[in-house]
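# Coordinates in review
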Amino acid sequence: METVIIPLAHKNNELGNLAGMAKSRAVGAIQEYRKRPGSRILVQGGFGHFNSSPKPFAEHMARFLVEHGVRRNDIDIVPETTTTIEEAASAYRFLAHHAPQCVCVVTSEIHMKRTALIFRHFFDDESLVFVSTSDCVSDEELAWYRDHEEKALRLLREQGGV
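Right, let's walk through the structure included here. Computed from a predicted model, the values in this text were never measured in an experiment. (Residues numbered from 1 in each chain as written. Predicted model: local features only at pLDDT ≥ 70, side-chain atom pairs only at ≥ 80, totals over all residues. Heavy atoms only, no water.)

Another aspect to go through is the environment of phenylalanine 123. Relative to the helices and strands, phenylalanine 123 resides in the loop between α4 (112-122) and β5 (128-133). Spatially, the C-alpha atoms of phenylalanine 123 and valine 103 are 8.4 Å apart, while their sequence positions differ by 20 residues. If we ignore the near neighbours within four places in the chain, the residues touching phenylalanine 123 are Ala88, Ala91, Tyr92, Leu95, Val103 and Leu128. (Helix = DSSP H or I, 4+ residues; strand = E, 2+ residues; numbered from the N terminus. Contact = heavy atoms within 4.5 Å.)

The structure is reproduced here in structure tokens:
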């Protein structure tokens, strides 16, 4: 496996429809998939405040990817994660058996700084590529996410890392 693309999880509604930020991440992953022939996409995410549907978030993301031209055989699903740290750790364990040359992490602009810090804990910097996508939220929601990300980064730094 040369490249694995990891669109990070976000939210979906009770019917499994992806929220704007999740769709943006999915579209970013699709764009990278088309640029990188032979790549695979690793989707993650289970249940929690971000998903009240009966299926794990990862299945909803996979469905969206397939509906938009990604071959189902090019998608790996790991539905047990609920946080960015869990996604990075899970991806590390999963990819230890596949040894990709490139790990392409796709997330929203507002989430990028913390994502990079976390994924650099698990993966060599030389193999990582980060792709930022639009936040796709209102100004009010963006202010909430900004505050959330600042607090989460501060906590990571205060505790000495991941």
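In total, this model carries 9 salt bridges according to the counting rule given. When the shortest N-O distance is used, the salt bridge between aspartate 74 and arginine 71 registers 3.5 Å. A salt bridge links lysine 151 to aspartate 147, with the shortest nitrogen-to-oxygen separation between them at 3.0 Å. Here the residue lysine 151 and the residue aspartate 147 both occupy positions in helix α5 (residues 139-158), the gap between them amounting to 4 residues, near one helical turn. (Salt bridge = Lys/Arg side-chain N within 4 Å of Asp/Glu carboxyl O.)

The residue serine 108 is located in strand β4 (residues 102-108) in this model. At 2.7 Å, the side chain of serine 108 and the side chain of arginine 25 are in polar contact. Setting aside anything within four residues of it in sequence, one finds serine 108 in contact with Met21, Arg25, Ser132, Thr133, Ser134 and Asp135. (Polar contact = N/O pair within 3.5 Å; in protein donor to acceptor, adjacent residues only side chain to side chain.)

Moving on: the pairing of strand β1 (residues 3-7). Burial runs high along β1: 5 of the 5 residues are buried. Both faces of β1 are covered, namely the face carrying Thr3, Ile5 and Pro7 and the face carrying Val4 and Ile6. As paired strands, β1 and β4 are joined by 5 bridges and run parallel to one another. Across the sheet, the residue bridging to threonine 3 is cysteine 102, located in β4. Pairing geometry for β1 and strand β2 (residues 40-44), over 2 bridges, is parallel. Pairing of valine 4 across the sheet is with arginine 40, part of β2. (Buried < 20%, exposed > 50% of the residue type's maximum accessible area, 1.4 Å probe, protein only. Pairing = 2+ DSSP bridges.)

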